[in-house]
Amino acid sequence: MHAGLKITAYAAALAATFGTAYGVGQGLGPVVQDEPKARHDMRGDGGRSAHSEHESPPAGGLQISEKGYTLDLATPRLAAGRTADLRFTVRGDDGRAVTAFRTEHDKELHLIVASRDLNTYRHLHPTRAADGTWSIPLSLPRAGGYRVFADFTPEKKGAANLTLGADLAVSGTYQPRPVPAPTATAETDGYQVKLRGVLRPGAARALTLTVSRDGRPVTDLQPYLGAYGHLVALRSGDLAYLHVHPNGEPGDGTTAAGPDISFTATAPSAGTYRLFLDFRHDGKVHTAAFTVRAGGAAGATADEAPHEAPHEPTGGHGH
C-alpha cells in the first residue's frame, strides 16, 4: 500500500472510479426495506408509497436525477480539514430551482455526506435561501471520494420522497482505508450501543439497538426529528442508501424512550453494510456506527460478528 499519495487532480480521477462504482451498484440491485403496518411512516404520505412484498423501489442515492428532479451540486470539491460552505440546488425538469418542500421529520431536507470507504459520516440540515440554494458549513477530515445524499419531498401534489446523490471530491493527502470490521457494539461520546438482529437478503428482519452509558441503560432518550432514533444504511461498493425510521414514535402510547430502538429492514443482496444510528440524549445528538454482513457463507451477521472496529468519531449534525 502506498501511503501519503498526493491527489492534486483528485476530482478528475474520481470521475472514472465513480462511474465504475455506479455500474456495480446497478448489478447488485436496489436497497429495499420492509414496511409493516405498525411501522413509523418514513415518507409522511400516509403509506401511499409503500411497496408490496415482491416490489422494490429504486435504490436511493445512486442517481443524480430522478422523476424530473436533479441535484445540482455547486461545490463539487473541498479541501480536507478546511471548513467551507457546501452549496447545492434541487432543480425541476424545467431547470428552475425548487423552493417549496414538504416538511418531514421536522425538516424540509435531510443531507447525508459519507466517504466512499464508509469511515466518515455526516447527517446535516442545511439552510435554504429564498432562491432555492441550500448551504451549510462543512469540514471533512480526510481526502478521498465522498457521496452527498439529499433526502426530500417536493411540495407538489402527488410528489414522492426522493433521495438523490452526487459525488464530492475532497483533496489532500489520500491514504486508502478499509471499511471497518464487522461489529455488534459501538461506543460514541461515552455511550455504548449494542446491535441485535441480522440482515438477510430479500427477507425482513428486526434490528434492535440498545443504548447505555456507564453500564446503565438509557431510558430517557429525547425525540430527535420526531423519533427516538434514525438509522441510515449504506451498502459498501455503490453506497446504495436506505433511510430507516424506528418502529413506533414518541407519544404513540407504546414506544418507550429507550434503551431499545427497533427497526425492520431488508437487505437487497449479500454483502457488507454500514449502519449509522443517530439518537439524542442530554440535549445532544450522538452517532453510533456498525458494520454488518448480510448473507453469504463468509458473511457475519450482527449477532455473529466477533470483532469490534476501532472507535472513530464518524459524524456530526448541522442545522
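Residues numbered from 1 in each chain as written. Predicted model: local features only at pLDDT ≥ 70, side-chain atom pairs only at ≥ 80, totals over all residues. Heavy atoms only, no water.

Peer 1: Could you clarify how one ought to interpret the packing of aromatic side chains in this entry?
Peer 2: Here the distance between the centres and the angle between the planes together describe a pair of aromatic rings. Taken as a whole, this structure holds seven aromatic pairs when the rule is applied. Plain terms: the ring middles of Y69 and F152 are 6.5 Å apart, the flat faces sit at 75° to each other, and that makes the pair edge-to-face. Pair noted here: Y69 is in strand β3 (residues 69–73) and F152 is in strand β10 (residues 144–152), with a separation of 83 residues, a long-range link. This pair shows no difference in class: Y69 is buried, exactly as F152 is. Measuring from ring centre to ring centre gives 5.4 Å for F101 and W134, while their planes differ by 75°; the resulting arrangement is edge-to-face. Residue F101 is found in the loop between β5 (84–91) and β6 (109–115), and its partner W134 is found in strand β9 (residues 133–138); the two are separated by 33 residues along the sequence. Both residues of the pair, F101 and W134, count as buried. Members of the aromatic cluster, each reached through a chain of ring pairs, are Y69, F88, F101, W134 and F152. (Phe/Tyr/Trp six-rings, centres within 6.5 Å; stacked < 30°, edge-to-face > 60°. Helix = DSSP H or I, 4+ residues; strand = E, 2+ residues; numbered from the N terminus. Buried < 20%, exposed > 50% of the residue type's maximum accessible area, 1.4 Å probe, protein only.)

Peer 1: Quick question: what am I supposed to make of the side chain of H125 here?
Peer 2: By the element assignment, H125 lies in the loop between β7 (121–124) and β8 (127–128). Judged by its relative accessible area of 1%, H125 is buried. Only 3.2 Å separates the side chain of H125 from the side chain of H123, close enough to count as a polar contact. (Polar contact = N/O pair within 3.5 Å; in protein donor to acceptor, adjacent residues only side chain to side chain.)

Peer 1: Is there a simple way to explain the pattern of salt bridges in this structure?
Peer 2: Side chains that differ in sign of charge can pair as their charged atoms come close. A complete count under the given rule lists six salt bridges for this structure. With a shortest N-O distance of 2.7 Å, D167 and R147 are connected by a salt bridge. Taken together, the positions of D167 in strand β11 (residues 162–174) and R147 in strand β10 put the pair 20 residues apart, joining distant regions of the chain. Overall, the relative accessible area of 8% leaves R147 in the buried class. A salt bridge links R213 to D282, with the shortest nitrogen-to-oxygen separation between them at 3.1 Å. Highlighted residues: R213 in strand β14 (residues 204–213) and D282 in the loop between β19 (271–281) and β20 (284–294), separated in sequence by 69 residues. (Salt bridge = Lys/Arg side-chain N within 4 Å of Asp/Glu carboxyl O.)

Peer 1: I would appreciate a short explanation of the confidence of the model for the protein in the present structure.
Peer 2: The predicted coordinates ought not to be read in detail in places where the model reports low pLDDT. Averaged over the protein, the pLDDT score is 80; the fraction of residues at 70 or greater is 73%. Ignoring residues within four places in sequence, the model shows residues 1–58, a span with pLDDT below 50, making 102 contacts including any to other chains. In the model, residues 296–313 has pLDDT below 50 throughout and makes 38 contacts with residues more than four positions away in sequence or in other chains. (pLDDT = per-residue confidence, 0-100. Contact = heavy atoms within 4.5 Å.)

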